[in-house]
Protein chains: 4
Amino acid sequence: MKKIPVAILGATGTVGQKFAVLLDNHPQFEVRELVASPQSAGQQYQSVCRWKQNQPIPEALRSMVVKTTDAPLDSAVLFSGLDSSVAGTAETSYAKRGHAVISNAKNHRMDPDVPLIIPEVNSDHFALLKRQPYAGSITTNSNCSTMFLAMVLAPLHRRFGVEAVHVTTMQAISGAGYPGVASMDILGNVVPYIGDEEEKLETEAAKILGTLGDGEIVPAPFAVSAQCNRVPVFDGHTETLSVRFAQRVSPEDVSDCLRTFTGPPQELKLPSAPDRPIVVTDAPDRPQPARDVWLGNGMVTVVGRIRPCPVFDVKMVILGHNTVRGAAGAAILNAEAMLAMGYLEP
Amino acid sequence: MKKIPVAILGATGTVGQKFAVLLDNHPQFEVRELVASPQSAGQQYQSVCRWKQNQPIPEALRSMVVKTTDAPLDSAVLFSGLDSSVAGTAETSYAKRGHAVISNAKNHRMDPDVPLIIPEVNSDHFALLKRQPYAGSITTNSNCSTMFLAMVLAPLHRRFGVEAVHVTTMQAISGAGYPGVASMDILGNVVPYIGDEEEKLETEAAKILGTLGDGEIVPAPFAVSAQCNRVPVFDGHTETLSVRFAQRVSPEDVSDCLRTFTGPPQELKLPSAPDRPIVVTDAPDRPQPARDVWLGNGMVTVVGRIRPCPVFDVKMVILGHNTVRGAAGAAILNAEAMLAMGYLEP
Amino acid sequence: MKKIPVAILGATGTVGQKFAVLLDNHPQFEVRELVASPQSAGQQYQSVCRWKQNQPIPEALRSMVVKTTDAPLDSAVLFSGLDSSVAGTAETSYAKRGHAVISNAKNHRMDPDVPLIIPEVNSDHFALLKRQPYAGSITTNSNCSTMFLAMVLAPLHRRFGVEAVHVTTMQAISGAGYPGVASMDILGNVVPYIGDEEEKLETEAAKILGTLGDGEIVPAPFAVSAQCNRVPVFDGHTETLSVRFAQRVSPEDVSDCLRTFTGPPQELKLPSAPDRPIVVTDAPDRPQPARDVWLGNGMVTVVGRIRPCPVFDVKMVILGHNTVRGAAGAAILNAEAMLAMGYLEP
Amino acid sequence: MKKIPVAILGATGTVGQKFAVLLDNHPQFEVRELVASPQSAGQQYQSVCRWKQNQPIPEALRSMVVKTTDAPLDSAVLFSGLDSSVAGTAETSYAKRGHAVISNAKNHRMDPDVPLIIPEVNSDHFALLKRQPYAGSITTNSNCSTMFLAMVLAPLHRRFGVEAVHVTTMQAISGAGYPGVASMDILGNVVPYIGDEEEKLETEAAKILGTLGDGEIVPAPFAVSAQCNRVPVFDGHTETLSVRFAQRVSPEDVSDCLRTFTGPPQELKLPSAPDRPIVVTDAPDRPQPARDVWLGNGMVTVVGRIRPCPVFDVKMVILGHNTVRGAAGAAILNAEAMLAMGYLEP
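Residues numbered from 1 in each chain as written. Chains lettered and ligands numbered in written order. Predicted model: local features only at pLDDT ≥ 70, side-chain atom pairs only at ≥ 80, totals over all residues. Heavy atoms only, no water.

**As for the side chain of Arg109(C)**
All names here are of chain C.
- You can see arginine 109 is positioned in the loop between β4 (100-103) and α4 (119-122).
- Given the relative accessible area of 4%, arginine 109 is considered buried.
- Polar contacts involving the side chain of arginine 109 include one to the main-chain carbonyl oxygen of asparagine 141, which spans 2.9 Å.
- One polar contact links arginine 109 to glutamate 204, side chain to side chain, over a distance of 2.9 Å. (Helix = DSSP H or I, 4+ residues; strand = E, 2+ residues; numbered from the N terminus. Buried < 20%, exposed > 50% of the residue type's maximum accessible area, 1.4 Å probe, protein only. Polar contact = N/O pair within 3.5 Å; in protein donor to acceptor, adjacent residues only side chain to side chain.)

**A short note on the sheet that holds strand β11 (residues 278-280) of chain C**
All names here are of chain C.
- Read across the sheet, six strands follow the order β9-β6-β10-β13-β12-β11 without closing on themselves; strand pairing throughout is mixed. Whereas interior strands pair on both sides, the edge strands pair on one side only; in this sheet they are β9 (223-230) and β11. Shown here is a sheet whose adjacent strand axes are inclined to one another by a mean of 20 degrees, direction ignored.
- In this structure, strand β6 (residues 162-171) lies alongside strand β10 (residues 237-245), joined through eight bridges in antiparallel fashion. Following the sheet pairing, methionine 170 is matched in β10 by threonine 238.
- Where helix α5 (residues 144-160) meets the sheet, its contacts fall on β6, β9, β10, β11, β12 (301-308) and β13 (314-320), and the angle it forms with β10 comes to roughly 25 degrees.
- Each of β6 and β9 touches helix α7 (residues 197-208); the most contacted strand, β9, lies at about 150 degrees to it. (Pairing = 2+ DSSP bridges. Axes fitted to C-alpha atoms, helices over the stretch in contact; angles between N-to-C directions. Contact = heavy atoms within 4.5 Å.)

**Brief notes about the interface of chain B and chain C**
- Tallying the contact residues gives 16 residues for chain B and 16 residues for chain C.
- Together, the buried faces of chain B and chain C total about 1500 Å²; carbon and sulfur atoms form 72% of this surface.
- Taken as a group, Ser183(B), Met184(B) and Leu187(B) account for 46% of the area that chain B buries against chain C, more than any other trio of residues on that side.
- Where chain B touches chain C, the interface holds two salt bridges.
- Remark: the boundary between chain B and chain C carries six residue pairs in polar contact (both at pLDDT 80 or more). (Buried area = accessible area lost by both parts, 1.4 Å probe. Salt bridge = Lys/Arg side-chain N within 4 Å of Asp/Glu carboxyl O.)

**Regarding the pattern of salt bridges**
Residues and elements named next belong to chain D.
- Enumeration over the complete set of coordinates arrives at 56 salt bridges over all chains.
- Across the salt bridge formed by glutamate 120 and arginine 325, the nearest N and O atoms sit 2.7 Å from each other. Note that glutamate 120 is positioned in helix α4 (residues 119-122) and arginine 325 in helix α11 (residues 324-340), a separation of 205 residues in sequence. You'll find glutamate 120 and arginine 325 in the same group, each marked buried.

**Considerations on the environment of Glu91(C)**
Residues and elements named next belong to chain C.
- With respect to the element layout, glutamate 91 can be found in helix α3 (residues 84-96).
- A residue is classified by how much of its surface remains accessible, and glutamate 91, at 0% relative accessible area, is buried.
- Non-local contacts of glutamate 91, meaning those with residues more than four positions away in its chain, are made with Ser80, Leu82, Val101, Ser103, Ala105, His108 and Ile138.
- A distance of 2.6 Å separates a polar atom in the side chain of glutamate 91 from a polar atom in the side chain of serine 103.

**Here's the deal with the relation of the copies chain B and chain C**
- Each copy superposes on the other: chain B lies on chain C with an RMSD of 0.0 Å after a rotation of 180 degrees and an axial shift of 0.0 Å. In symmetry terms, the pair is related by a two-fold rotation axis. The position closest to the rotation axis in chain B is occupied by the C-alpha of Ser183(B), lying 2.0 Å away.
- With an isologous cut-off of 70% or more, the 100% of interface residues of chain B that recur at the interface of chain C puts this contact in the isologous class. (Least-squares fit on C-alpha atoms with pLDDT ≥ 70 in both.)

**Re the pairing of strand β5 (residues 137-140) of chain A**
Residues and elements named next belong to chain A.
- Of the two faces of β5, the one carrying Ser137 and Thr139 and the one carrying Ile138 and Thr140 are both buried.
- Taken together, the four bridges between strand β4 (residues 100-103) and β5 define a ladder with parallel strand orientation. Bridged to alanine 100 within β5 is serine 137.

**Some thoughts on the domain arrangement of chain A**
Residues and elements named next belong to chain A.
- Per the domain assignment, the segments of chain A are domain 1 (4-143 + 328-340) and domain 2 (144-321).
- The C-alpha centroid of domain 2 is placed 24 Å from the C-alpha centroid of domain 1.
- With 34 residues of domain 1 at the interface, the matching set in domain 2 holds 38 residues.
- Carbon and sulfur atoms supply 64% of the area that domain 1 and domain 2 bury against each other, a total of about 2900 Å² over both sides.
- For domain 1, the biggest contributors to the area lost against domain 2 are Glu120, Val121 and Asn143; these three give 26% of the whole.
- Between aspartate 196 and lysine 106 there is a salt bridge; the shortest N-O distance is 3.0 Å.
- Taken together, the connections running from domain 1 to domain 2 amount to 18 residue pairs in polar contact (both at pLDDT 80 or more).
- Mapped onto the side of domain 1 that touches domain 2, the elements with two or more residues apiece are α1 (14-23), α4 (119-122) and α11 (324-340). (Domains from an automatic or database assignment.)

**Brief notes about the packing of helix α5 (residues 144-160) of chain A against α11(A)**
All names here are of chain A.
- At their nearest, the axes of α5 and α11 sit 8 Å apart, and the two run at 90 degrees to each other. By the angle between their directions, the pair α5 and α11 is classed as roughly perpendicular. The segment α5 lies against α11, with Cys144, Met147, Phe148 and Met151 engaging Arg325, Gly326 and Ala330.
- Looking at the contact of α5 with α11 residue by residue, the classes come out as five nonpolar, one polar and one charged. (Parallel < 35°, antiparallel > 145°, perpendicular 65-115°, else oblique. Nonpolar A, V, L, I, M, F, W, Y, C, P; charged D, E, K, R; others polar.)

**Some points on the interface of chain B and chain A**
- Every contact between the two is made by 47 residues of chain B and, on the other side, 47 residues of chain A.
- When the two sides are added together, the surface that chain B and chain A hide from each other amounts to roughly 3400 Å², 55% of it contributed by carbon and sulfur.
- Three residues stand out in chain B for area buried against chain A, namely Pro192(B), Gln227(B) and Val311(B), and they jointly supply 17% of the buried area on that side.
- The tally of links between chain B and chain A comes to eight salt bridges.
- The closest approach of N and O atoms between Glu198(A) and Arg305(B), which form a salt bridge, is 2.8 Å.
- Counting across the interface, chain B meets chain A through 28 residue pairs in polar contact (both at pLDDT 80 or more).
- At the level of secondary structure, the elements contributing two or more residues to the side of chain B that touches chain A comprise β6 (162-171), α6 (183-186), α7 (197-208), β9 (223-230), β10 (237-245), α10 (289-292), β12 (301-308) and β13 (314-320) of chain B.
- By residue number, the principal contributor to the side of chain B that touches chain A is β9(B), which donates seven residues.
- Among the residues forming the side of chain B that touches chain A, the class breakdown is 27 nonpolar, 11 polar and nine charged.

**A closer look at the sheet that holds strand β11 (residues 278-280) of chain D**
All names here are of chain D.
- Here we have six strands laid out as an open sheet, ordered β9-β6-β10-β13-β12-β11, and mixed in their pairing. In this open sheet, the two edge strands, each paired with only one partner strand, are β9 (223-230) and β11. The average undirected angle you get between the axes of adjacent strands in this sheet is 20 degrees.
- With six bridges connecting them, strand β12 (residues 301-308) and strand β13 (residues 314-320) associate as antiparallel partners. By the bridge assignment, valine 302 is partnered in β13 with leucine 319.
- Contacts between helix α7 (residues 197-208) and the sheet are confined to β6 (162-171) and β9, with β9 contributing the most and set at about 150 degrees to the helix.

The structure is reproduced here in C-alpha cells:
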C-alpha cells in the first residue's frame, strides 16, 4: 500500500517532535515536509530542532530542509502542532488551499463548523467537515486534559447521564512545551494555575459530548468545574473527578461501564488505536504518571480509585499521556479515523 | 516569668523534632524531658535522633537522655508526636497520671470527650476537658490537611452557611514522616492515595466546626468529599476547594470574610499566633508551596484564586505548612491557648 | 531450541524484578523458579512483590509460588539479586549443590577464584571457574558504577596504558533498591555519600582489568580515586572522569579508541549484547541520564564531552543504566557468554 | 550613622533581587535607585519584577521607579547584577562617571587592573583599584563555584602549597537565573555542561590566590581541572575536590587548617561576615545543599568528608550558597570591606 505523504506544521516544537516520533514507520502516513518558523526555514531539521525526545530524530527527517508557513506544500494531509499565536490564520489558509489540516492547536476547536473529535466518542461529528467552506478541511482534537476527561465522561454520560463534574488536574511539565515551565518555578513546587486551561476543560468536553443536530452541535448539558495545577512530573496528566449523575449510580456501575467501553477506532482496528480506550485499575494507589503513562503505548486513559463520593455520586482518578493521547497521538488517530471513514482520500 | 516544664513524646520522629525546634526559646514552655521508643531510651538525644531539620538540634537537648513511655515524667505538659500505633493507650495513661497531653496523634481526635481544637475556630470546645475522667487531660489538633480546610471553612460557614465541599489535596512528603515516602515512589510522580487521609478530611472538619450542645459536640451538617494526593514537594499542603453555600455568595464575599477573620489567639496575642490566621493573595498563580509556605512563620493558611465555580458557588486554592501549623505548631498554639484561658496551670 | 530453566534469587527485590523483566521472552533462558525471603515463601509472586517496574509482571510469573533459599531448586542456572546480607553463604551453598550462580551481589566479587566479568573486557577470566571447589560455580558482575568505568577504561588501558583516574559519580536512586533512599533525603538535594561505593570503584575495576596469570588475577596497576554522590535521578549513573595515561593521548585518540571498541558479546552476537558496548556522543551537553539511559536498550555505556584535562590528560563524562547494564542485564549477558563459551551446559 | 545611598544595576534579575533582599535593613547601605533594561524603565519595581524570592519585595522598593542604564545615577556605590551581555561597557561607563561599581558580572573579573576579591583571602588586591584609570572604580567577586573552591584552597595553599586540583561541581538551578534552566531539561536529570563555567573555575581561583607583585597579579601556579554539572537542586553548589599538595598533608592537617581559617571580614566584624568563613562537618554524609545551604546565613563554605585520596593527597566535598555567598552576598561583603579599609567614602 502506498503511504499518504504528510507534512508536520510546527515541526520543531514539542508537539511537532512528537508527531515526528509517532509518524516514524507509520503504516499509512509518511512525513515528506516539515514546516516551522522563518528562522528555522531553509535549514536541516536536525540543525534547527532542539530535540527533546528520548529516541533519536527519525533518520528520514534529519537532513530534511524545513519550510516556512508561506511556502506551498505538496502534502495533502498536514499535522499541525503550530503555536496558537499563528495557528488560527495559518490553518485556515492551508484549508482554503485544499489541505486536510489535522490540528492540535486550540484556535479552531470551538468553531461551529470544526469537529472537535475523539474517534471513540464522537466520530459522527466528522460530518461537520462537509459544512466547511474550504477546498480542504480542519479537524481538531481537544486540549490534553480534556481528552482524558471527555473519554471517561462519554460512556458514563451516555449510559447514566452526567449532571455535574468537579475536576482537579495535576499536569506534567511537558504539556507547556519547551522551554515552557522554568525549573525555578516547579522544582519541589505546585503552581495552581495554567493559563486558559480551566476554561478549555469547562467548555470542550461539552462540545465533544454534544449532539450533532441540524448541522450544528448542541453541547452536552452538564457543568464542569475545573481547577488546574502544574506539578513536577515529566509526562502524564493526573485528574481527580467527582461526578453527579442523573440517576443512582454505584462505583461498580461506573467501573463496568468504563471497562467495556470501546468505539470505532477499536472496531476499525486503526493503527494507533489501543485495544481498549480505557484501562481500569483496581490497585489502591494507581494510576500514577511515572508508572502508568506508557500503558497502551500512551494511547489509553487509565482510571483508578473508583469509589463513592460523599457529596456527588462517584469519585475517581484518571490519567493519560498528555503529549501522546493528549496531543500528537490524538491527531494521528483522528487522521486514521478520517481515512477509514472516507474523510481523507487514500 | 518562670517557664512551664514540658516533655516531648515521640521526640525522635518528624513531629517530635519539629516540637523541639519550635519550643526552642519558647517564652512559656521549656523542654525538660524527651520520650521515645525503648531502643532510643537511655541514650543522648543527639545520638539516637536522625535529625532532619534545617537548623541544628537545640543546644539544650543535644545531650539530654531519652526516656521511654514507661518512665514516670515530671513535666505537667506533654506534647505528643507519638506514632498512632502507640499514642492511643500511652496518651490515656499519661492523662490518668495527671499530665496535660497536647497531642498531634489521630487516636483520640474523634473521642466524644476530647476537644479537637483550632483556637481561632472552636476554643469553646476546650470546655469538653472538664468532662474527661482523667486527673490530667487530652487535647488534640486536627490532621494537617484538615487544619487548613477547617480554618478556611470556619469563617465562611459562620457567615454564609457551608453546605458541601469538594477538596483535592496535593500533599508534601514531609507529612509522611521519616523515612516515609520512598524516593522511587514520588520522584517525578504523583501518588493519588494517602492512607486514611480522605476519611480524616471528611470527618474532622465537621467536628471542629460543630456546636458544643449539651456537653456534646454536634458536627457541622455540611458534607466534605476529599481526594488526597502525594506530590514531590518538601513542605506545604496545597488544596483546591469548591464550596456550595446555603445562600448566594460571591468570590468577593469570600475574600472579605477570610481577610478579616481573626480569633482568640490573635486577641490574646499568643506567642505562636500569626497576626492574621488567613492570608489572602491576589496573585493569579499563588499560593505555591515552595514560595509561600513560610509566610507568618508557617502558622498562616494562605488562600488564593478565589473565583466563581460553575458547579458550586466559589472555588479557591489554599495552602499551609503541614508540619508547622498542620502539626507541631498547632499543638503548641493549643497549649498557649489553654494557658491563656485557664486550662493549664502556669 | 529448548530453553534452559533458571531461577531468580531475591526475586522480589529491585534487581530481582529487573531480572524478571529482562528474562521475559529471553531466547535462551526461562524463569521457572522464584526465590525470596521466608516471609514471601509459599505465596504467589504477584501478591508478595511490591512491583516497581514500568511494565506489568510477566504473565508467567504472576501466580508462580515463591520458594525460600532453603528449598532445593531444580534450575541449573540461578540469577542472584540477593541482598548482600544473605548472598555470601547462600550463593556458596547453591554452588556446592551444583548450581551455576550468576550473581549481582557484591559478596564474592573479590574472591580470588571468582571471576568478576564484563564479557567485552575480560571473558578470559571465566577460566577461574575451573579453580572453584564447587560442583557448580559462582560468576559475578561488578558494582553498577564500576561497570561503566571499567568498560571505558578497558580499551583505553589496553591501547594507551592508564596510570590514574579521578571519578566523581552522580548516581540514581534506583541503585539503592526499594524503599532505599527516603524522599526527604533526596528531593532537591545531593547526598555526597553512598556506603561502600567508593571502595568498590577503587578496587573492582583493577580486578576486571587485571591479568590472569598463573591461575591468579594480578590487578591492573592504575589507581582510582572515587567520589560518589546520590542525586535525584530515577535511572542512570553519570560519572565525570579524568584520566592520566602512560603516554601522550589526545581526546581524539580516546574518542577513536572508544568508538571502535567491541568484544566477544558482539562477535558472538549474544542476545542481550548491544551492537557496540560504547556509544560516543559529540553533543556538547550529553550524556544525560533522563535522555540517554535507554540507548541500546540500557546495555551501552554512553560517553561524551571527551576533552583535554588541564591536570591529567583527558576528561570525559560517562553514563549507563544502573539496573540494566549495571546489574541484572550484566548478569544475563554473563550467562549468555558462559553458554556461548562452553561454561554452561545448554 | 548615615547610610550610604546605593543603586542596584540589573535589579529585576535573579542576582538583582537577591541584592534587594540582602540590602534590606543593611546597617551601612540603603538602596535608593534601581536600574534595569529599557522595557522596565519608568515603571514601578513591583510591576516589572518577576519576583522569585521567598520573602516579599522590600517595602521601600515596591513602588520605586526603575531607571535605565542610560540615566545618570546619584548613588556613589552601584551593586551590579547586570547580565554579561551589557555589563562590560555599562560598568566601565559608570566607573568613568565616578561611581564605585561592585560587580558580580564576569566581564571585568580577569582585567589586569580589576581586583577579583574574596575579602577573607586577598583583600590586599584592593590596591589594584588605585591603578584603574577611572574617576570611580570596578571591583568584582568571583564566579559562584569558584568562590567556594578559592575559599577552601586559600588557607591550604598558603600553608601547604597546592599543586593540582580536580573539581567536579553539582550546581543548583538558581545559578542560571530566571527563566534559566527549562524544567524539561533538569527534572530527574543531570546536565553535564554549563557554558563557560569550567573555564572560570580553571582561571579565576589562580588570580584570586595570585600574588600582587609589581602592581600586577601573578597567578597562583597550581592547575585546576573542572567538570561542571547542573543538578535538580534549588540553591547550593556542591563540589567534590581532590587536591595534590607540594608536601605530605593528611586529612587532619586539612581539617585543622580549614577550621581555624579566618580573615579581615571576621577581624573587622563586617556586617555580612560569618563568624568563620569555613565550617567543617564531621558527619559522614554532609554537606548537603538542601540541609546546609543556609548555615551562617548562606555566607559560609561548608566542607565535609575530608579523607585521603588514593591518587592525589586529600579529597573532600564542599558546598556554598550560590546566590548568597556565591553572588550578591559576596559583592556586599566586598563593599563592606572596601568601606572598612578606606576604599569607599562613608
